[in-house]
Amino acid sequence: MTIAAMIASNDPSITDDLLRLAAAADVETELVRDADKARQGWHWPSLILVGDDLAEAVTTQAPPRRPGVVMVARTDDTEDLYRRAIEVGAQDVARLPDDETWLIDALASAAEPADGWGGTVCVMGARGGAGASVLSAALGLTAARSGLRTLLIDGDPIGGGLDLVLGLEDQPGARWPHFADRRGRLSAANLYEALPRLGDLSVLSWVRGTPTAVTREAAQSLLDAAARAFDLVLVDVPRHQGEIGRSALHVADAILLLVPAEVRAVMAADELVAALRNDVTDLRLVVSGHSPGGGITPEVMAQALDLPLAGVVERERKIAASLEEGGIARALRRGPLADLCERLLPTFNLQPHAQEAEAA
C-alpha cells in the first residue's frame with residue numbers, strides 16, 4: 001500500500017486519533033513528530049495533516065505552498081487557529097472530534113489514484129418544458145450501455161426528480177440532502193458506492209418534499225469527486241441556476257442547449273447563449289421538435305444563435321407514455337432520441353478510467 005498521507009504532530013491526543021481515523025479509511029500514513037522531518041517530506045504525500053502543536057515550528061521551516069494541507073486541532077480558539085493555519089499554508093482546518101467523518105473522507109481521497117478525469121457535460125433548456133431532463137437521462141442511459149461509468153446529476157430542486165424519470169425513486173441511496181453542506185474533498189469511491197444506480201448509470205437527485213439549499217463548496221466538492229469517480233458526468237441544469245448549476249457550468253467540457261423550434265424560444269435562448277459563452281467554448285444547439293408553421297428550421301435556428309447544430313430531438317409518444325408508467329429506460333433502447341444520443345456520445349471524446357481507478 002502506498003503511503004498517501006503524512007501526520008505531523010507530537011501531541012498524543014491528536015496523533016492517536018488521526019492514526020485511528022487512517023486505519024478506518026484503510027490508508028497508510030507516516031507519522032513525523034518534529035518540524036524538520038515534516039519539511040523533508042513536505043512534497044510527496046497527497047495529504048498533510050499538521051497538528052496545531054507543530055504549526056508554528058513548521059511555519060519557521062518555510063515549506064512551499066501546496067494543496068492538500070490541513071491543520072488539525074482540539075482547540076476552540078477559532079481566531080488564533082485560523083491565523084496559524086494561514087501561516088502554515090493550510091487550506092482547511094479540522095477540529096477533533098467534531099470533524100472525524102470529514103477527516104476519514106480526506107484520508108480516503110488521498111489514497112485514490114491522481115490520474116484519470118471524467119468529462120462533464122451540462123444539458124439546459126431554453127425554457128421550461130423543453131425536454132432537457134429527458135435528453136439528460138437518455139444520454140446517461142446511452143453512455144452507461146456503451147460501458148462508460150456515468151453519473152446523472154439533477155441540478156433542479158423543483159424539477160420533479162431525475163430518479164423519477166428513470167424509475168429509481170424508491171431505490172435506496174444518497175440524495176442531495178446528504179451532501180448539501182459538506183466541505184472539503186469528497187472520496188470518489190465513497191460517492192460511487194453511496195448513490196442509487198441503474199446498471200452503470202448512477203443518479204444524484206432530490207428528496208421530494210424536503211427543500212434543500214446546497215452550498216457552493218458542497219456543489220464544487222461533489223463535482224470534483226464525480227469527475228474522479230466517473231467517466232461521464234451529466235448535469236441537468238435549470239435555466240435559473242443555483243449553486244449546483246453555476247458550479248457545473250464553470251467546470252463543463254461541453255453544454256447542450258435544448259431549444260424548441262419556436263420563435264419565442266429562440267429569442268429566449270439568445271440571451272442565455274450570451275451568458276453561457278463565458279463558461280465554456282463548446283456550446284452546442286439541440287433543437288426540440290418542429291416549427292408549427294414550418295417557417296423556422298434547425299439550420300435557421302443555429303444561424304440565428306451562432307451555434308453548431310448538434311441534432312434534433314423528435315417528439316416520441318412512447319417516451320411520454322413511459323414517463324407516466326414509471327421510467328423511460330426501456331423506451332430509449334431504440335428510436336430517434338436513442339439514435340441522437342448514440343451520435344452525440346463519441347463527440348465528447350471520453351476515455352474510460354474509473355474502473356481502473358477502482359481496481360487500484
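Residues numbered from 1 in each chain as written. Predicted model: local features only at pLDDT ≥ 70, side-chain atom pairs only at ≥ 80, totals over all residues. Heavy atoms only, no water.

1. Brief notes about the overall build of the chain
Within the chain, the secondary structure is distributed over 15 helices and 13 strands. Along the first, second and third principal axes, the C-alpha atoms of the chain reach 75 × 35 × 35 Å. The buried share of the chain, taken over its 360 residues, is 54%. For the chain, the accessible surface area stands at approximately 16500 Å², while carbon and sulfur atoms represent 50% of it. Averaging the positions of the 33 positive and the 52 negative side-chain charges in the chain gives two centres separated by 5 Å. (Helix = DSSP H or I, 4+ residues; strand = E, 2+ residues; numbered from the N terminus. Buried < 20%, exposed > 50% of the residue type's maximum accessible area, 1.4 Å probe, protein only. Areas by Shrake-Rupley, 256 points an atom, 1.4 Å probe, with all protein chains shown as cover. Lys, Arg positive; Asp, Glu negative; His and termini not counted. Charge placed at Lys NZ, Arg CZ, Asp CG, Glu CD.)

2. Quick notes on unusual backbone geometry
Residue Pro97 is bonded to the preceding Leu96 through a cis peptide linkage, with omega at 5°. Position of Pro97 among the secondary structure elements: in the loop between β5 (92-95) and α5 (100-110). Despite not being glycine, Asp306 has its phi angle at roughly 55°, a positive value. Here Asp306 is to be found in the loop between α12 (298-305) and β13 (309-313). Accessibility expressed as a relative area gives 59% for Asp306, which makes it exposed. For Asn349, which is not glycine, the phi torsion reads 55° and is therefore positive. By relative accessible area, Asn349 is classed as exposed at 63%.

3. Brief notes about the nonpolar core
One finds Ile153, Trp176, Phe179, Leu191, Phe230, Leu257 and Val259 to be the most contacted residues of the largest nonpolar core, which totals 51 residues. Among the elements that make up this core, the one with the highest residue count is helix α9 (residues 216-229) (seven residues). With residues near it in sequence (within four places) discarded, Trp176 still touches Ile153, Asp154, Leu204, Ser205, Trp206, Val214, Leu222 and Ile244. In this structure, Ala130, Leu152, Leu201 and Leu350 belong to the second largest nonpolar core, which totals 36 residues. (Core = buried A, V, L, I, M, F, W, Y, C linked by side-chain atoms within 4.5 Å. Contact = heavy atoms within 4.5 Å.)

4. Brief notes about the sheet that holds strand β10 (residues 232-237)
Pairing is mixed across the open sheet formed by eight strands, whose spatial order is β8-β9-β7-β10-β6-β11-β12-β13. Taken across any chain shown, the strands that pair with only one partner, and hence form the sheet edges, are β8 (197-198) and β13. Two strands pair when backbone bridges link them, and strand β6 (residues 119-125) and β10 are joined in this way by six bridges, in the parallel orientation. Counted as the bridge partner of Cys122 is Val235 from β10. With respect to the sheet, helix α6 (residues 132-145) is in contact with β6, β7 (150-154), β8, β9 (201-204), β10, β11 (254-260) and β12 (283-288), its orientation differing from that of β10 by roughly 170°. (Pairing = 2+ DSSP bridges. Axes fitted to C-alpha atoms, helices over the stretch in contact; angles between N-to-C directions.)

5. Side note on the confidence of the model for the chain
Mean pLDDT over the chain: 87, with 91% of residues reaching 70 or higher. Predicted confidence for residues 356-360 stays below pLDDT 50, and this span has four contacts to residues more than four positions away or in other chains. (pLDDT = per-residue confidence, 0-100.)

6. Things to note about the environment of Leu232
Locating Leu232 in the fold gives a position in strand β10. Between the C-alpha atoms of Leu232 and Arg149, which are 83 residues apart in sequence, the distance is 6.6 Å. The contacts of Leu232, once residues within four sequence positions are left out, are Gly119, Val121, Ala143, Arg149, Thr150, Leu151, Leu345 and Leu350.

7. Description of the sheet that holds strand β2 (residues 28-32)
Spatially, the five strands line up as an open sheet ordered β2-β1-β3-β4-β5, and their pairing is parallel. Because the sheet does not close on itself, it has two edges, and the strands there are β2 and β5. Each strand of the sheet is rotated relative to its neighbour by a mean of 25°, with strand direction disregarded. Where strand β1 (residues 3-8) lies against strand β3 (residues 47-51), four bridges are found, and the strand directions are parallel. Note that in β3 the partner of Met6 across the bridge is Ile48. Its contacts with the sheet place helix α1 (residues 12-24) against β1, β2, β3 and β4 (69-73), and it is angled at close to 165° to β2. Together, β1, β2, β3, β4 and β5 form the strand contacts of α5, whose direction differs from that of β3 by roughly 145°.

8. Brief notes about the pairing of β10
Most of β10 sits inside the fold, with six of its six residues counted as buried. On β10, burial covers both faces: Leu232, Leu234 and Asp236 on one face and Val233, Val235 and Val237 on the other are all buried.

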